[in-house]
Amino acid sequence: MKIKAIALNTFKEAIRDRILYLLLFIAFISLIFSRLLALITVGDRIKIITDVGLASLSFFGALMAILMGTGLVYKEIDKKTIYTLLSKPIHRYQFLLGKFFGLILTLFVMLFLMSAIFIFILLLHSGQIKWGMLLAFAFIFLEMCLVTSVAMLFSCFSTPILSSIFSLSFYLIGHVSWGLETLINKMPSGIGKVLIKGIYLFIPDLENFNFKTEIVHGLPIPPQVFLYATVYGIMYTLFVLTVATLVFRHRDFI
Amino acid sequence: MATAIRINDLHKSFKSEFLRKQKPILKGISFEVEQGEIFGYLGPNGAGKTTTMKCLLGLIFPEKGDIEILGQPHLAIPAKARLGYLPENPYFYDYLTAREFLQFYSQLHLLKKSEQDVKIPDLLKKAGLQEAAGLQLRKFSKGMLQRIGLAQALLNDPDLVLLDEPLGGLDPLGRKEIRDIIVELRDAGKTVFLSSHILQDIEMICDRVAIIVEGRIVNSGRLHDLISQKILFTEVTLSGITESELHDLGESLVIPGGDILIKVYQEQNVDKVLGLAHERKARILSLVPRTQSLEDLFVGTVRPE
Ligand SMILES: Nc1ncnc2c1ncn2[C@@H]1O[C@H](COP(=O)(O)OP(=O)(O)O)[C@@H](O)[C@H]1O
Ligand SMILES: [Mg+2]
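Conventions adopted
Residues numbered from 1 in each chain as written. Chains lettered and ligands numbered in written order. Predicted model: local features only at pLDDT ≥ 70, side-chain atom pairs only at ≥ 80, totals over all residues. Heavy atoms only, no water. pLDDT = per-residue confidence, 0-100. Helix = DSSP H or I, 4+ residues; strand = E, 2+ residues; numbered from the N terminus. Salt bridge = Lys/Arg side-chain N within 4 Å of Asp/Glu carboxyl O. Buried < 20%, exposed > 50% of the residue type's maximum accessible area, 1.4 Å probe, protein only. Pairing = 2+ DSSP bridges. Patch = residues over 30% accessible without salt bridge, like charges linked within 9 Å, V, L, I, M, F, W, Y side chains within 5 Å. Areas by Shrake-Rupley, 256 points an atom, 1.4 Å probe, with all protein chains shown as cover. Lys, Arg positive; Asp, Glu negative; His and termini not counted. Charge placed at Lys NZ, Arg CZ, Asp CG, Glu CD. Donors = N, O, S within 2.8 Å, 3.2 Å for Na, K, Ca; no water. Phe/Tyr/Trp six-rings, centres within 6.5 Å; stacked < 30°, edge-to-face > 60°. Lys NZ or Arg CZ within 6 Å of the ring centre and 35° of its normal. Axes fitted to C-alpha atoms, helices over the stretch in contact; angles between N-to-C directions. Parallel < 35°, antiparallel > 145°, perpendicular 65-115°, else oblique. Left-handed = near helix turned anticlockwise from the far one by under 90°. Contact = heavy atoms within 4.5 Å. Polar contact = N/O pair within 3.5 Å; in protein donor to acceptor, adjacent residues only side chain to side chain.

1. Quick notes on the confidence of the model for chain B
Residue and element names in this part refer to chain B.
- On average, residues of chain B score 87 in pLDDT, and 93% of them reach the 70 mark or higher.
- Across chain B, the secondary-structure element scoring lowest on mean pLDDT is helix H11 (residues 294-302), at 65, and the one scoring highest is strand S7 (residues 160-164), at 95.
- This prediction of the complex comes with two scores: 0.84 for pTM and 0.84 for ipTM.

Following this line, the structure appears as structure tokens:
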């Protein structure tokens, strides 16, 4: 109930903020761009639109999560609104979760709008809707939730600019870390292999949420892969939220 | 009478900017606030008043010391539910309208919709903000922010109200309005704990005060006990008489405009001054007996002579 009130207020703040519309506009432009790209290339145009479109949805979704997530807690501290808020009968974790779900709700609405535009463009071009696409959207959303929690964690102890840089690095590393897996498989066993395995366990693997190739080429996806990606995303998000709560718990607001 | 706030041996330091050293801000604060009184927490800027309040609210964590609010540990949610707080220079969500803002906070107090519908218009009216109910807070003046701040502090009908410099930055009329509300709260049986570095405002309404200077309580008690009611001296302003004639009766000086101001310390001399003025057909412009004020006490403790 209290979490819900904070979440709804966060949502209200976000949709009254201009930066959201700017990002939405840029995302829209990039979707149009994928359409144009398809026109000037040879090959399967629908595949290109799908590929570029999904990639830009994923990227702009993460960008929104980062830019807004890093300001979430920082703004409350910077504008000193947190003083009265935390003087109310709420726990600090309720504050954090409220902020988190408020942004998640905002991002859900944004992703919904972007996906609708994307599907509309595809429909114009091919005259049909691929329902498998919905799964890709769902996993983009899961990735956005994870990125939001990470952005929020950083913003609990750092300025928005620094947190944005950290979170963006997290996102980028997350999309190349699967390379480590290949490395592990090729390495001879030994201390080096154990070390890299350890690192791989801790750094995120956001490619788990990427089903672009399968969707574009209409390949079947085995259910255990879905299940793994879902559990991975939820567990990772919960873990980051827990760390954020611990960091936030004994912080002085001076 | 039960105790509303009990603070015992509170210590808090902040990291200073340059050296990594801890700079002590509160150096063993102890005091108690009784239920149903207006308690003034007075001290110059930077004395540690805001820091004490933030410790009370659990916004910062002291290194040492116990705090009890309404008989419960101060971080307990039930204790906080009976509390109202107005921060110094209040800042609120500037994208919300006054009504939305009060709605948001009443949800945190778990007020039902039907309760909100009664409470919010009532508080807006009390704060004189009925017309501004639909206005975004970014368009509010300082005085209006102070009043909406007071309104949000009263949403839960609190037993204890903490006000940090509630009269700061207001014009005389605004100060009077807030002062009236504070007295009303006390009359309704609530406890008010307020801080201030301006004394005249507070003097007339506080039942008890504590004076904090550089992180230590230097004086506390009933105002009546702290301030002697004795007349210290009488100030008389006259015209149509020469200064030398009054010389023996007190400290006299010629003020701009040619009138004479004399500070008379003995009461029988006041009669003599008046008699002399009558004899010389001089005009008495004013006659003011001066008692000790809180300000004298304050200046006395801040800069011991
Ligand atoms: N964020 C901070 N970091 C370091 N010192 C601080 C900070 N905030 C306040 N102080 C110091 O703490 C002291 C007490 O401040 P404060 O409690 O705000 O005083 P008051 O409310 O009585 O004017 C001041 O000397 C101030 O310089
Ligand atoms: Mg202060």
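From this point, the discussion proceeds with the structure in view.
2. Details of the pattern of salt bridges
- Enumeration according to the criterion identifies 23 salt bridges over all chains in this entry.
- Measuring nitrogen to oxygen at the nearest pair gives 4.0 Å for the salt bridge that ties B:Glu184 to B:Lys126. On the criterion of sequence distance, the pair formed by B:Glu184 in helix H6 (residues 172-187) and B:Lys126 in helix H4 (residues 113-126) is long-range, its members being 58 residues apart.
- Residue classification places B:Glu184 among the partly exposed positions, given a relative accessible area of 44%.
- With a closest N to O distance of 3.4 Å, B:Arg186 and B:Asp187 form a salt bridge.
- According to the relative accessible area criterion, B:Asp187 is exposed, its value standing at 58%.
- One connected set of salt bridges, linked through shared partners, spans A:Glu13, A:Asp17, A:Lys75, A:Glu76 and A:Lys99.

3. Focus: the sheet that holds strand S1 (residues 3-15) of chain B
Residues and elements named next belong to chain B.
- Strand order in this open sheet of 4 strands is S2-S1-S4-S5, and the pairing throughout is antiparallel. Looking along the sheet, the strands with just one partner apiece sit at the ends: strand S2 (22-34) and strand S5 (72-73).
- Bridge count between S1 and S2: 10 bridges; the pairing is antiparallel. Following the sheet pairing, Thr3 is matched in S2 by Glu34.

4. A closer look at the pairing of strand S13 (residues 260-264) of chain B
Residues and elements named next belong to chain B.
- With 4 of 5 residues buried, S13 is to be regarded as a mostly interior element.
- Bridge count between strand S11 (residues 231-239) and S13: 5 bridges; the pairing is antiparallel. Bridge pairing links Val236 to Ile262 in S13.
- Here 4 bridges tie strand S12 (residues 251-254) to S13, and the two strands are oriented antiparallel to one another. Its bridge partner lying in S13, Leu253 is registered against Leu261.
- The loop that links S12 with its antiparallel partner S13 comprises 5 residues; one of these, Gly257, has a positive phi angle of about 105 degrees.

5. Points about a positive patch on the surface
- On the surface, a cluster of positive charge is contributed by A:Arg18, A:Lys79, B:Arg138 and B:Lys139.
- Tracing the backbone through its elements, the reader meets A:Arg18 in helix H2 (residues 18-40).

6. Observations concerning the coordination of the magnesium ion (ligand 2)
- For the magnesium ion (ligand 2), the full set of protein donor atoms is B:Thr50 (OG1), B:Glu88 (OE) and B:Glu88 (OE), at a range of 2.0 to 2.7 Å. Placement of B:Thr50 in helix H1 (residues 49-57) and of B:Glu88 in the loop between strand S6 (83-86) and helix H3 (98-108) is noted, with a sequence separation of 38 residues between them.

7. Concerning the packing of aromatic side chains
- In total, this model carries 25 aromatic pairs over all chains according to the counting rule given.
- Measuring from ring centre to ring centre gives 6.3 Å for A:Phe59 and A:Tyr171, while their planes differ by 55 degrees; the resulting arrangement is tilted. Of this pair, A:Phe59 sits in helix H3 (residues 45-78) while A:Tyr171 sits in helix H7 (residues 160-176), and the two are 112 residues apart along the sequence.
- Measuring from ring centre to ring centre gives 6.2 Å for A:Phe170 and A:Tyr236, while their planes differ by 70 degrees; the resulting arrangement is edge-to-face. You can see A:Phe170 sitting in helix H7 and its partner A:Tyr236 sitting in helix H11 (residues 223-249), a full 66 residues away along the chain.
- A relative accessible area of 12% means that A:Phe170 is categorised as buried.
- Given a relative accessible area of 12%, A:Tyr236 falls into the buried group.
- Ring-pair connections join several aromatic residues into one group, and the members of that group are B:Phe92, B:Tyr93, B:Tyr95, B:Phe101, B:Phe104 and B:Tyr105.
- In this structure, B:Lys263 packs its charged tip against the face of B:Phe233, placed 4.8 Å from the ring centre.

8. Some thoughts on the packing of H3(B) against helix H5 (residues 142-153) of chain B
All names here are of chain B.
- Close contact between H3 and H5 brings their axes to 10 Å; oriented N to C, the two are set at 25 degrees. Taken together, the axes of H3 and H5 are roughly parallel relative to one another. Here H3 and H5 pass one another in a crossing that is right-handed. On H5, the residues that touch Ala98, Phe101, Leu102 and Tyr105 of H3 are Ile148, Ala151 and Gln152.

9. Some details on the environment of A:Ser169
All names here are of chain A.
- Mapped onto the elements of the fold, Ser169 is located in helix H7.
- For Ser169, a relative accessible area of 31% puts it in the partly exposed group.
- The spacing of Ser169 and Leu206 is 37 residues in sequence and 12 Å in space, taken between C-alpha atoms.
- Separated by 2.6 Å, the side chain of Ser169 and the backbone oxygen of Ile165 make a polar contact.

10. Considerations on the pairing of S11(B)
All names here are of chain B.
- With 7 of 9 residues buried, S11 lies mostly within the body of the structure.
- Pairing of S11 with strand S14 (residues 283-291) involves 8 bridges; the strand directions are antiparallel. Bridge pairing in S14 links Thr237 to Ser286.

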